[in-house]
Amino acid sequence: MTVAEELNPENPDEAEKPIKQRKNGLYPGVSDELADSMKSGWADTELRDLRPIAQAAETAARRAALSARFPGERLVIPAGNLKTRSNDTEYAFRASVEYAYLTGNQTEDGVLVLEPVAGGHRETIYLLPRSDRENGEFWLSGQGELWVGRRHSLTESEALYGIPASDVRELADALREATGPVRVVRGYDAGIEAALTDKVTAERDAELRTFLSEARLVKDDFEVGELQKAVDSTVRGFEDVVKVLDKAEATSERYIEGTFFLRARVEGNDVGYGTIAAAGPHACTLHWVRNDGPVRSGDLLLLDAGVETHTYYTADVTRTLPVNGRFSEIQRKIYDAVYDAQEAGIAAVRPGAKYRDFHDAAQRVLAERLVTWGLVEGPVERVLELGLQRRWTLHGTGHMLGMDVHDCAAARVESYVDGTLEPGMVLTVEPGLYFQADDLTVPQEYRGIGVRIEDDILVTADGNRNLSDGLPRESGEVESWMAGLLKG
């Protein structure tokens, strides 16, 4: 009997499907003797003294709030699947924010299901169990244990996440048989969505995503702690960059990107978004992530970067730094205007204030400077009413921050941008001025200068706290800080 026949005597072809061989692999098959050898002689590695994850109490409370919001409905929240990068290699996996927020789990193919019962919901986390040693999956499959690492057993997962765990490979069939109202978070798992295709509606599913987005508007203590960790690592990453600016000058912006990435990977999970290491006129491109340009003494470096923690919370900080450590007169003039605008924006962040207040405060300062400099005709009220300052300010002054760099994006407008600030909200304040290299409406000396200053601000009971105040912002302090690092 062949290995395939032994696995599935009625249909050996089916048995081979889960374990896909490389077309041009050097081994054409597996002998029965080798298959038998690989089944035995392995130590018991089950982990029996696991403690719950640090945020287990918080994730349980979040699931309870979700249950209360949608009584009597089955709720399905997938983690997502691996995505192919090229041929048989995959992109690094990042679980959906909704799933990670509710479970703390980060593994591919996971699905959280809340099944309605009397008085609430029964929770189950559906996961891939450890790769099978009987059918050879653990060493033959490209996603087997010996190829990509050990998965937790279902019993181990129950101990970690505090949720009963089941085999996710059985879930699609069970969902096809499900009755009653169902909602699913769309866009992450096509197989799960296909199993529910006749049971869900786009409108009801959108309501589920909106609720989960708005639930993240106010951070709990665990989340604030993780954001502070992310910011603290980010501060160290910026220090790393300043110390190697001479090497960046000898190479390119990618040396800066790589330097910051090292800090992110050593102290966190990853960068929270593509690092913007924009030197010279590249600073005028808001999301410059090619990072392949020169770094020149006398130019400014706009570095917009954030470390993501192992629990997916990310910092989002920007500093605009003189590559040679000293601002020129025109660079300082523009930088100080942005600094003053940011000061006004941060001062407007407090509980009870409208979300838009910090944006309006910062934009007013920038509009005033543009009028004073003669770049746009006043009065300032006219400039703001017509949005004329936007030629050089371009973007909004901030956004919510959390597990996504632009967190809570599916929240209702009335709850977010038209809402009111509350203690526990975390947002960025990041005004900027950008004078494009080809902008003929400004004097030559302005052209090619881009400045943005961005900090992560926690709304507190009596005002706000700048989580990223470990990095200097005022121009003179920036120069002194850089001088100290460059001497070291």
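- An unreviewed UniProt entry annotates the chain as Xaa-Pro aminopeptidase of Streptomyces hintoniae.
- One UniProt comment on the chain, placed under Cofactor (unreviewed entry), says "Mn(2+)".
- UniProt, in its Catalytic activity (unreviewed entry) section for the chain, records the words "Release of any N-terminal amino acid, including proline, that is linked to proline, even from a dipeptide or tripeptide."

Here we look at the pattern of salt bridges
- Here the structure, examined in full by the defined rule, presents 38 salt bridges.
- Across the salt bridge formed by R216 and D404, the nearest N and O atoms sit 4.0 Å from each other. Note that R216 is positioned in the loop between α11 (202-215) and α12 (221-243) and D404 in the loop between α18 (390-393) and β13 (426-429), a separation of 188 residues in sequence.
- The closest approach of N and O atoms between D455 and R473, which form a salt bridge, is 3.9 Å. Of this pair, D455 sits in strand β16 (residues 455-460) while R473 sits in the loop between β17 (463-466) and α19 (475-487); the two residues are 18 residues apart in sequence, bridging distant segments of the chain. Residues D455 and R473 agree in their burial class; the two are buried.
- Salt bridges sharing common partners tie together R94, R216, K219, E308, D404 and D407.

Let's talk about helix α4 (residues 56-69)
- Its 14 residues give α4 an end-to-end C-alpha distance of 20 Å, which sits within 8% of 20 Å, the value for a rise of 1.5 Å per residue.
- Taken together, the buried positions of α4 are occupied by A56, T59, R62, R63, L66 and S67. One side of α4 carries all its buried residues, which in axial view fall inside an arc of 140°. Opposite the packed face of α4, turned more than 90 degrees from it, sit the exposed residues A57 and A68.

Some thoughts on the environment of E267
- Within the secondary structure layout, E267 lies in helix α14 (residues 253-267).
- On a C-alpha basis, the gap between E267 and A230 in space is 8.8 Å, while along the polypeptide they are 37 residues apart.
- Here E267 is in contact with S233, R236 and H310, once residues within four sequence places are set aside.
- Within the structure, E267 has its side chain in polar contact with the side chain of S233 (distance 2.6 Å).
- Polar side-chain contacts of E267 include one of 3.0 Å to the side chain of R236.

Calculation criteria
Residues numbered from 1 in each chain as written. Predicted model: local features only at pLDDT ≥ 70, side-chain atom pairs only at ≥ 80, totals over all residues. Heavy atoms only, no water. UniProt positions renumbered as here; feature names shortened; annotations may be inferred. Salt bridge = Lys/Arg side-chain N within 4 Å of Asp/Glu carboxyl O. Helix = DSSP H or I, 4+ residues; strand = E, 2+ residues; numbered from the N terminus. Buried < 20%, exposed > 50% of the residue type's maximum accessible area, 1.4 Å probe, protein only. Expected span 1.5 Å × (residues − 1). Arc of directions from axis to C-beta. Contact = heavy atoms within 4.5 Å. Polar contact = N/O pair within 3.5 Å; in protein donor to acceptor, adjacent residues only side chain to side chain.

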